[in-house]
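Now for the letters of each chain:
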Amino acid sequence: MRWLAVVMAIACIALILLGISGCRFPKDSVLSAYESVVQFAGQFALTPAIQLQGVRSFGESHIEGAYTAQYEGYSGTEYLFGDTSTLARAVEVELSLDAESGGGTLFLMTGARKMEVLFEGEGSYEDTLELPTGGGYIGFTGKGLTGTLNVALTRCPEVSQDEG
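In this text, all values refer to a predicted model and were calculated from it rather than measured experimentally. (Residues numbered from 1 in each chain as written. Predicted model: local features only at pLDDT ≥ 70, side-chain atom pairs only at ≥ 80, totals over all residues. Heavy atoms only, no water.)

J.: What is the right way to look at the packing of aromatic side chains in this model?
T.: Here the distance between the centres and the angle between the planes together describe a pair of aromatic rings. On inspection of all chains with the given rule, the structure shows five aromatic pairs. Note on Phe58 and Phe81: the rings are 6.0 Å apart at their centroids and 85° apart in plane angle, and the pair reads as edge-to-face. Of this pair, Phe58 sits in strand β1 (residues 55-58) while Phe81 sits in strand β2 (residues 65-85), and the two are 23 residues apart along the sequence. Take Phe58: its relative accessible area is 33%, and that puts it in the partly exposed class. Classification of Phe81 as buried rests on a relative accessible area of 0%. Between the aromatic rings of Phe119 and Tyr125, the centroid separation amounts to 6.1 Å while the plane-to-plane angle is 50°, which identifies the pairing as tilted. (Phe/Tyr/Trp six-rings, centres within 6.5 Å; stacked < 30°, edge-to-face > 60°. Helix = DSSP H or I, 4+ residues; strand = E, 2+ residues; numbered from the N terminus. Buried < 20%, exposed > 50% of the residue type's maximum accessible area, 1.4 Å probe, protein only.)

Written as structure tokens, this is what we have:
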């Protein structure tokens, strides 16, 4: 995560230097570029596809998509979806876990709240999560799990800045 701080610092310094040097850019263009840099940097916290136990597909961003896995005695943690953003956002989460043995935990990691357990055990889970500005990551931890996991995240309409 140290490299993330370096990337963010470089982006901030570049924006400051451009402003001091007299370059005039439309505010919306600068903010859009900054948001793109922040989102790009945040994707590296996710578990790489080659290390996942299942198959993940993303939607329009890394905070939405689908994941399906068939586990055999799996104990470990996978960061499935997430990103960093200067905007609040909301996602609908649907999970089904059919466990023959063991169990699992679906969790949310944010910069402000550390780790929040969303679901534990087996069965199904549905909820709408409002992710604040900053980082928001959905992960799964298996504990001796043999079974099938399906997770789907769908982005909700934009959340206003006052709510985030």
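J.: Would you mind showing me how to read the side chain of Glu78 here?
T.: Considering the arrangement of structural elements, one finds Glu78 in strand β2. For Glu78, the side chain forms a polar contact with the side chain of Tyr71, separated by 2.7 Å. Setting aside residues no more than four positions away along its own chain, Glu78 makes contact with Thr47, Gln51, Leu52, Gln53, Gly54, Tyr67, Tyr71, Gly139 and Phe140. (Polar contact = N/O pair within 3.5 Å; in protein donor to acceptor, adjacent residues only side chain to side chain. Contact = heavy atoms within 4.5 Å.)

J.: What is the right way to read the environment of Glu126 from this model?
T.: For Glu126, the location among the structural elements is in strand β5 (residues 123-131). Expressed as a C-alpha distance, the spacing of Glu126 and Val151, which sit 25 residues apart in the sequence, is 9.9 Å. Residues contacting Glu126, with those up to four places away along its chain left out, are Val93 and Glu94.

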